[in-house]
Amino acid sequence: MNATDQLVKQVHNFNAGPSILPKEVFEQAAQAVLNFNNTGLSILELGHRTSTFQAVMDEAQSLVKELMQLDADHEVLFLHGGASTQFMQVPMNLLNEKDTAAYTDTGVWANKAIKEAKLFGKIEVVCSSKESNYTFIPKDFAVPNDATYLHITTNNTIYGTQWQNIPKTSVPLVADMSSDILSRVLDFNAFDIIYAGAQKNMGCAGVNLVVVNKNKLGKVNRAIPTMMDYRVHIKEGSMFNTPAVFAIYVSMLTLRWLKKIGGVAAIEKINNAKAALLYNEIDVNPLFKGTTAKEDRSKMNVCFVMQDATLEEKFLAYAKENGIIGIKGHRSVGGFRASLYNALPLESVEFLVSLMKEFALKHG
Ligand SMILES: *Cc1c(COP(=O)(O)O)cnc(C)c1O
């Protein structure tokens, strides 16, 4: 194999985030770095207040509205600071100090959201699967009627669980959708705030999507720092300060791609097929087993281990030799985690499954 062959050797990227994006998005983004839309300028040197960039921002926002079928009350923002900043920005904008917000404890990210929210008001953790190391989504819990909102993490990236049914509640609903945004059909208007770091399922690192019901704002009595106030960003069209120009462009390209292939309903079918294929192999292959309750299995992050843990390093090496990237499990679960985000082709899952079968023939 010569150096060029090595460069083009096919890899299958199962990384949990930042993660795979469609190949055409990489190509278009690369071209825009050199010469953006034949302007003779790189996207990296383009003024954010130019009409050229305004068109990118407008298209990104309208694609989100269209793909999520948002109503007129829901505003689309592209903000800085990752999903982690939303852990504080949500309660800062919604929760009064003397009031209570309800949080569901379904993993590491949910816990980080809880920790930050406690700085702004009373937090009631209404359910938790901590005792089982977060292997399931709690089903029976009550939300206080007077809670300001209920917070859920729709997909638990580290543990590989996902809310299959969004809880029905009379209080406003807030969701961290970082790792399953735009992966399945949901009634997005049922949420009052949705936030997601872009780098898992809709773009590259550096920007997060926030969808907010504007009717829920302006009800807290604290002073909100300008950069943290959603109303400022709505008014300024996500351009109060310099937005993440390149990251927003990459999100726009990814959203365009999603629309082109048929939108959320179309990608959901593909995501279902990918997840079914891999979980089926985990269940039938004698060497492997899943780590979560079957009914709560995530279609985005598939966590599994080996019956004989001493084989795990061998399988990891075998997968790596064959171009599989990013399947080592998070340290708090161990084993393996294969992330099957929107842009990951079905062929990559078929290939991983074929390696699992071959490995079982050799070591079964
Ligand atoms: C990755 C992740 C985060 C953190 O996102 P940042 O953009 O790095 O702050 C938060 N929540 C969930 C569910 C995640 O998967």
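We now turn to the structure provided with this report. Remember, predicted model here, so these are calculated numbers, not experimental data.

Comments concerning the overall build of the protein chain
Along the protein chain, the regular secondary structure elements total 10 helices and 14 strands. The C-alpha radius of gyration computed for the protein chain amounts to 21 Å, which stays within 12% of the reference 21 Å derived for 364 residues, consistent with globular compactness. Seen along its three principal axes, the alpha-carbon backbone of the protein chain occupies a region of about 65 × 60 × 30 Å. Within the protein chain, the fraction of its 364 residues that count as buried is 54%. For the protein chain, the proportion of contacts with a sequence separation of at least 24, taken over those separated by at least 6, is 68%. Carbon and sulfur atoms make up 53% of the accessible area of the protein chain, which amounts to about 16100 Å² in all. Separation of charge centres in the protein chain, based on 36 positive and 36 negative side chains, amounts to 2 Å.

Considerations on the site of the ligand
Close to the ligand lie 13 residues, the nearest being Ser84, Thr157, Asp176, Gln199 and Lys200. Aspartate 176 places a side-chain nitrogen or oxygen 2.6 Å from a nitrogen atom of the ligand. Within the contact set of the ligand, an oxygen atom lies 2.9 Å away from a side-chain nitrogen or oxygen of glutamine 199. Ranked by the residues each element gives to the shell around the ligand, the list is headed by helix α4 (residues 82–94), at 4 residues. Here the residues of the shell around the ligand sort into 3 nonpolar, 8 polar and 2 charged.

Concerning the pairing of strand β9 (residues 193–197)
Summarising burial for β9: 5 of the 5 residues are buried, a large majority. On β9, burial covers both faces: Ile193, Tyr195 and Gly197 on one face and Ile194 and Ala196 on the other are all buried. Strand direction decides the pairing type here: β9 and strand β10 (residues 208–213), joined by 5 bridges, are antiparallel. From the neighbouring strand, glycine 197 faces β10, where its bridge partner is asparagine 208.

Describing the environment of aspartate 192
Its location among the elements puts aspartate 192 in the loop between β8 (173–176) and β9. For the pair aspartate 192 and proline 172, spaced 20 residues apart in the sequence, the C-alpha separation amounts to 6.0 Å. Those residues in contact with aspartate 192 that sit more than four places away from it in its chain are His74, Pro172, Leu173, Val211, Val212, Asn213 and Lys216. Separated by 3.2 Å, the side chains of aspartate 192 and lysine 216 make a polar contact.

What to know about the side chain of aspartate 176
In this structure, aspartate 176 sits in strand β8. Buried aspartate 176, no salt bridge; nearest opposite-charge side chain is lysine 200, N-O distance 7.2 Å. A distance of 2.8 Å separates the side chain of aspartate 176 from the side chain of serine 178, its partner in a polar contact. Once residues within four sequence positions are removed from consideration, aspartate 176 is found in contact with Phe87, Trp109, His151, Ile152, Thr153, Thr154, Asn155 and Tyr195.

Regarding the sheet that holds strand β12 (residues 301–306)
The antiparallel open sheet is built from 3 strands, whose spatial order is β11-β12-β14. The strands lining the two open edges of the sheet, one partner per strand, are β11 (288–290) and β14 (336–339). Between one strand and the next, the sheet's axes are offset by a mean angle of 35°, whatever the strand orientation. The sheet contact formed by β11 and β12 spans 3 bridges and is antiparallel. Opposite phenylalanine 288, over in β12, you have methionine 306 as the bridge partner.

Procedures and definitions
Residues numbered from 1 in each chain as written. Predicted model: local features only at pLDDT ≥ 70, side-chain atom pairs only at ≥ 80, totals over all residues. Heavy atoms only, no water. Helix = DSSP H or I, 4+ residues; strand = E, 2+ residues; numbered from the N terminus. Rg over C-alpha atoms; globule rule 2.2 N^0.38 Å. Buried < 20%, exposed > 50% of the residue type's maximum accessible area, 1.4 Å probe, protein only. Contact = heavy atoms within 4.5 Å. Areas by Shrake-Rupley, 256 points an atom, 1.4 Å probe, with all protein chains shown as cover. Lys, Arg positive; Asp, Glu negative; His and termini not counted. Charge placed at Lys NZ, Arg CZ, Asp CG, Glu CD. Near = heavy atom within 4 Å. Polar contact = N/O pair within 3.5 Å; in protein donor to acceptor, adjacent residues only side chain to side chain. Nonpolar A, V, L, I, M, F, W, Y, C, P; charged D, E, K, R; others polar. Pairing = 2+ DSSP bridges. Salt bridge = Lys/Arg side-chain N within 4 Å of Asp/Glu carboxyl O. Axes fitted to C-alpha atoms, helices over the stretch in contact; angles between N-to-C directions.

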